[in-house]
Amino acid sequence: MPERMLKFVNMPQQMPEKRGVPERAADFDEIYRDFAVPKAREQASRCSQCGVPFCSVHCPLNNNIPDWLKLTAEGRLEEAYEVSAATNNFPEICGRICPQDRLCEGNCVIEKGFDSVTIGAVERFVTDHAFDQGWVKPRSPIREREQSVGIIGAGPGGLAAAEQLRALGYQVVVYDRYDRAGGLLIYGIPSFKLEKDIVLRRWNLLEEAGIRFELGVDIGGDLSFAELRARHDAVLVATGVYKSRDIGGPGAGLPGIVPAIDYLTAANRIGLGDEVAGFASGELDAAGKRVVVIGGGDTAMDCVRTAVRQGALSVQCLYRRDKANMPGSMREVKNAEEEGVEFVWLSAPEAFLGDETVTAVRTVRMHLGLPDASGRQSVESVPGSHVNLPAELVIKALGFDPEALPTLWGEPGLEISRWGTLKVNHKSFMTSLPGVFAAGDIVRGASLVVWAIRDGRDAAAAMHVHMQQTAALAEAAE
Ligand SMILES: Cc1cc2nc3c(=O)[nH]c(=O)nc-3n(C[C@H](O)[C@H](O)[C@H](O)COP(=O)(O)OP(=O)(O)OC[C@H]3O[C@@H](n4cnc5c(N)ncnc54)[C@H](O)[C@@H]3O)c2cc1C
Ligand code: SF4
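Residues numbered from 1 in each chain as written. Chains lettered and ligands numbered in written order. Predicted model: local features only at pLDDT ≥ 70, side-chain atom pairs only at ≥ 80, totals over all residues. Heavy atoms only, no water.

(A) Molecular detail of the pairing of strand S12 (residues 377-390). Across nine bridges, strand S11 (residues 360-371) lies against S12 in antiparallel orientation. From the neighbouring strand, leucine 368 faces S12, where its bridge partner is valine 379. (Pairing = 2+ DSSP bridges. Helix = DSSP H or I, 4+ residues; strand = E, 2+ residues; numbered from the N terminus.)

Encoded structure:
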């Protein structure tokens, strides 16, 4: 074992410096500063190079983490980048937004007595540094193939598949109803977690590799699914999940109550310099308002922290379970708490008050009961425990379901699960329609960027096999 590694015994864990609250709450820039080369090398050298790297096992991409940590510690940064890029299309993005505490870092074996290696921060550093040095090149193919692929959805799943297929020589066209590529990377996730230049930089690179983008095209609206299918030898559906879960009750339709995705999309568009009518009218702007966000997941955390940055008077997060049961990443909850967000645990909305617009949320206290069949504790309301929380803006962040694609696309043969996600053969990634594949959230339900990348890569490999087989059959028939 080189002397350079195993430094966790003497060297404490150190994340890149986090900007102070007053500074970071006043803008939308990322909250972590960059590692400098010596610091990244130092932190990478804390890896114990253990025999069974549980970090890799628990990374959805099975990244060769100990290898690129060792190369980083040795200062062999270009090789570290190459190893990291071999299994991940967007390492600098995952390094920023993966919930590492639940994935790689949460399974780092040195964590027992010491804090884990800062895997995500080193991963981010390695690729950012590679971009700065000009080592990141478009993955143009060595030879072209005639077959073409249509990908619906320019989110991480669709883009990872597009890059893999283009590198194999296919003619790849990515369709998206948005006007920019990136899916939730560009319009969902706020820039204080992932600055938009990082996403735009990837989009440029994919175009340079020869991938064509047809943006502002709604499949099922502007272009029928049947027409798109006729254009290509194979199709990948990577449309994500966008139907916001709604909330009922008296007053639920009052102006001032908005879905999280509309609110976050507007904030991201403003950051990108777009004009947004809903923001200009004040409907999607938290400035000067008392804000209540309903929900306890990562989307809710993104909303509360966006509202802080927009200059809300106060921001409260309403969640019907307690802190220990929150689905969101604890790191994000901590960031939100630091930034002044008040969490109202064990509370649920019962009604929305107001005449012209919402003025308050009527809440009821909840208590946790016995675990149900799924093992999760049930929640029950406490009679007579009402509290009114004043609010001029209420944001609903209750999660997302898939849109009804078979109906929207006039394809009743496209089979879906009971949750509305697309059914695929888990080996071939093919849906019930021949030559139509699917990947990402539309198959898994709302999940993570790293899983969408994994699915996109696996689906691309399966599509390659399928297209080779069809080409061979066609040749044999001639
Ligand atoms: C607010 C928010 C914050 C999140 N934060 C994190 C995080 O910190 N870390 C993390 O790992 N994950 C996070 N996630 C989850 C993550 O963003 C998703 O799991 C991931 O983006 C899914 O990728 P995808 O490619 O399947 O779909 P998406 O990223 O949703 O992309 C789908 C694309 O398909 C397009 N599309 C849909 N229908 C059509 C159609 N009919 N015609 C044309 N185009 C269409 C959409 O416009 C979109 O661009 C977050 C999600 C949200 C909502
Ligand atoms: S992709 Fe995500 S889970 Fe895998 S090593 Fe990177 S940060 Fe960890």
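(B) Up close: the site of ligand 1. Around ligand 1, a shell composed of 33 residues is seen, among which Ile97, Asp176, Lys193, Tyr242 and Asp441 lie nearest. At a separation of 2.9 Å, an oxygen atom of ligand 1 approaches a polar side-chain atom of lysine 193. Relative to its unbound accessible area of 1,000 Å², ligand 1 is 97% covered by the protein chains. Only helix H8 (156-167), helix H14 (298-310) and helix H18 (449-477) provide two or more residues apiece to the shell around ligand 1. Counted by class, the shell around ligand 1 contains 17 nonpolar, 10 polar and six charged residues. (Near = heavy atom within 4 Å. Polar contact = N/O pair within 3.5 Å; in protein donor to acceptor, adjacent residues only side chain to side chain. Areas by Shrake-Rupley, 256 points an atom, 1.4 Å probe, with all protein chains shown as cover. Nonpolar A, V, L, I, M, F, W, Y, C, P; charged D, E, K, R; others polar.)

(C) Structural context of the site of ligand 2. The environment of ligand 2 is made up of 13 residues, and the closest members are Cys59, Cys98, Gln100, Cys104 and Glu123. In the shell around ligand 2, the residues fall into nine nonpolar, three polar and one charged.

(D) Spatial organisation of the pattern of salt bridges. For the coordinates displayed, the defined rule picks out 40 salt bridges. Across the pair glutamate 30 and arginine 124 runs a salt bridge whose closest N-O atoms are separated by 3.7 Å. Of the two residues, glutamate 30 is situated in the loop between helix H1 (21-24) and helix H2 (37-44) and arginine 124 in helix H7 (residues 119-133); the sequence distance between them amounts to 94 residues. Grouping residues by exposure puts glutamate 30 and arginine 124 together as buried. Aspartate 298 serves as the salt-bridge partner of arginine 102, at 3.9 Å between the closest nitrogen and oxygen. A residue pair is termed long-range when its members are at least 10 positions apart, and arginine 102 in the loop between helix H6 (91-97) and H7 and aspartate 298 in helix H14 qualify at 196 residues. Owing to a relative accessible area of 24%, aspartate 298 belongs among the partly exposed residues under this scheme. (Salt bridge = Lys/Arg side-chain N within 4 Å of Asp/Glu carboxyl O. Buried < 20%, exposed > 50% of the residue type's maximum accessible area, 1.4 Å probe, protein only.)

(E) Up close: the sheet that holds strand S4 (residues 234-237). One open sheet holds the five strands; their spatial order is S3-S2-S1-S4-S15, and the pairing between them is parallel. Since the sheet does not close on itself, it has two edges, and those belong to strand S3 (212-215) and strand S15 (436-438), each with one partner. Averaged over neighbouring strand pairs, the angle between their axes works out to 20° when direction is ignored. On top of the sheet, H18 reaches strand S1 (148-152), S4 and S15; it is set at about 165° to S4, its chief contact. (Axes fitted to C-alpha atoms, helices over the stretch in contact; angles between N-to-C directions. Contact = heavy atoms within 4.5 Å.)

No statement about biological role is implied by the geometric values presented.
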